[in-house]
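Here's the letter readout for the chains.
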Amino acid sequence: QVQLVESGGGLVQAGDSLRLSCTASGRPVENYAVGWFRQAPGKERECVAAIAWDGTTVHYKDTVKGRFTVSRDNANNTVYLQMSSLEPEDTAVYYCAADGRLLRIWAGSTTLDAWGQGTLVTVSS
């Protein structure tokens, strides 16, 4: 089974950029579609971006379109989430998740193959 570890979170100011990484081990990440989820305090977890195993299909939540970009480097077993023009409303714990089916990720299934432990992103105004 694949294991996922997120990194790159931190405290930034509104308007800043940040890049999150999701590094896979145990099995090649190219076997999986990967999604980025976030959960803010008091709110439900939501999928903000998802990418097919080969990068040919991507999905974005409307509120992050044009600001977030998901990409992957299968040779290095890593998936990225580039975030720009960050807003205080983007403050959340960000998780990556992997599954054999992109649509299960985009649908927000709670039974995906693997989840990371999360990384905190805090955007100050």
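Residues numbered from 1 in each chain as written. Predicted model: local features only at pLDDT ≥ 70, side-chain atom pairs only at ≥ 80, totals over all residues. Heavy atoms only, no water.

> Give me the lowdown on the overall build of the protein chain, citing residues and values where you can.
Per the secondary structure count, the protein chain includes one helix and 11 strands. Each helix and strand of the protein chain, ordered N terminal to C terminal, gives the series β-β-β-β-β-β-β-β-β-α-β-β. A compact globule built from 125 residues should have a C-alpha radius of gyration of about 14 Å, and the protein chain, at 13 Å, falls within 12% of that. In terms of overall dimensions, the protein chain has a C-alpha envelope of 40 × 25 × 25 Å along the principal axes. Taken over 125 residues, the protein chain has a buried fraction of 43%. Summarising the internal contacts of the protein chain: among those between residues at least 6 apart in sequence, 59% fall at separations of at least 24. Carbon and sulfur atoms provide 47% of the accessible area of the protein chain, an area that totals close to 6,200 Å². (Helix = DSSP H or I, 4+ residues; strand = E, 2+ residues; numbered from the N terminus. Rg over C-alpha atoms; globule rule 2.2 N^0.38 Å. Buried < 20%, exposed > 50% of the residue type's maximum accessible area, 1.4 Å probe, protein only. Contact = heavy atoms within 4.5 Å. Areas by Shrake-Rupley, 256 points an atom, 1.4 Å probe, with all protein chains shown as cover.)

> Residues and numbers for the sheet that holds strand β8 (residues 78-83), please.
In spatial order, the strands read β1-β3-β8-β7; together these four strands make up an open sheet with antiparallel pairing. Looking at which strands have only one partner, the edges of the open sheet turn out to be β1 (3-7) and β7 (68-73). Averaged over all pairs of adjacent strands, the angle between their axes in this sheet comes to 15°, without regard to strand direction. Of the strand pairs in this sheet, β7 and β8 are connected by six bridges, and their pairing is antiparallel. Within the sheet, the bridge partner assigned to Asp 73 lies in β8 and is Thr 78. (Pairing = 2+ DSSP bridges. Axes fitted to C-alpha atoms, helices over the stretch in contact; angles between N-to-C directions.)

> Lay out the nonpolar core in plain terms, naming residues and giving numbers.
If you look at the biggest cluster of nonpolar residues, it comprises 30 residues, and the most contacted ones within it are Trp 36, Leu 81 and Met 83. The set of elements that each furnish at least two residues to this core consists of β3 (18-25), β4 (33-39), β5 (46-51), β7, β8, β9 (92-99) and β11 (119-124). In terms of nonpolar packing, the next biggest core, distinct from the first, is built from 10 residues, Ala 33, Cys 47, Ala 97 and Leu 102 among them. (Core = buried A, V, L, I, M, F, W, Y, C linked by side-chain atoms within 4.5 Å.)

> Run through the environment of Thr 91, naming residues and quoting values.
For Thr 91, the location among the structural elements is in the loop between β8 and β9. Overall, Thr 91 belongs to the partly exposed group, its relative accessible area being 22%. For the pair Thr 91 and Gly 10, spaced 81 residues apart in sequence, the C-alpha separation works out to 9.9 Å. Excluding its chain neighbours within four sequence positions, the residues that come into contact with Thr 91 are Ala 40, Val 121, Thr 122 and Val 123. Reaching out from Thr 91, the side chain makes a polar contact with the backbone oxygen of Pro 88 at a distance of 2.9 Å. (Polar contact = N/O pair within 3.5 Å; in protein donor to acceptor, adjacent residues only side chain to side chain.)

> Tell me about the state of the cysteines, and name the residues and values.
Taken as a whole, this structure holds one disulfide when the rule is applied. Disulfide partner of Cys 22: Cys 96, at an S-S distance of 2.1 Å. Its S-S torsion of approximately 70° makes the covalent link between Cys 22 and Cys 96 right-handed. Separated by 74 residues along the polypeptide, Cys 22 in strand β3 and Cys 96 in strand β9 bring together distant segments of the chain. What makes Cys 22 buried here is its relative accessible area of 1%. Taking relative accessible area as the criterion, Cys 96 reaches 0% and is therefore assigned buried. Free cysteine Cys 47: the closest other cysteine sulfur is in Cys 96, separated by 11 Å. (Disulfide = S-S within 2.5 Å.)

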